[in-house]
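Coordinate inspection notes
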Amino acid sequence: MQVEVFRTNVNLSKDASKIVKALNSRYPDSKINFDLDDCDKILRIEADQDSISCVSEIVAEHGFECELLKD
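Model, not experiment: these values are computed from the prediction.

1. Thoughts on the sheet that holds strand β1 (residues 2-8)
The antiparallel open sheet is built from 4 strands, whose spatial order is β2-β3-β1-β4. Of all the strands in the sheet, the pair left with one neighbour each is β2 (31-35) and β4 (66-68). Shown here is a sheet whose adjacent strand axes are inclined to one another by a mean of 25 degrees, direction ignored. Note that β1 and β4 share 3 bridges and pair antiparallel. Note on β4: the bridge partner recorded for Arg-7 is Glu-67. Sitting on the sheet, helix α1 (residues 13-26) touches β2 and β3 (42-47), and the angle it makes with β2 is about 165 degrees.

See the structure below:
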């Protein structure tokens, strides 16, 4: 398993829930959550290494942006 952390511009929990639902349907064996209290509105995904390739596209389909945070 690999953990990826993204900075987003999602502010509302209802929007975060919709995105998590969409991501869960695409990556059913992953753990996905938002930390909207963080200043970067963090999206954290724990999934198989090769399965995280379309996250920003899925977030964009919901009208939001995300950027992978580098270590």
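2. Structural notes on the pairing of β1
The side-chain alternation of β1 yields one buried face, formed by Gln-2, Glu-4, Phe-6 and Thr-8, and one unburied face, formed by Val-3, Val-5 and Arg-7. Bridging between β1 and β3 involves 5 bridges; their strand directions are antiparallel. When the bridges of β3 are listed, Phe-6 appears paired with Leu-43.

What counts and how
Residues numbered from 1 in each chain as written. Predicted model: local features only at pLDDT ≥ 70, side-chain atom pairs only at ≥ 80, totals over all residues. Heavy atoms only, no water. Pairing = 2+ DSSP bridges. Helix = DSSP H or I, 4+ residues; strand = E, 2+ residues; numbered from the N terminus. Axes fitted to C-alpha atoms, helices over the stretch in contact; angles between N-to-C directions. Contact = heavy atoms within 4.5 Å. Buried < 20%, exposed > 50% of the residue type's maximum accessible area, 1.4 Å probe, protein only.

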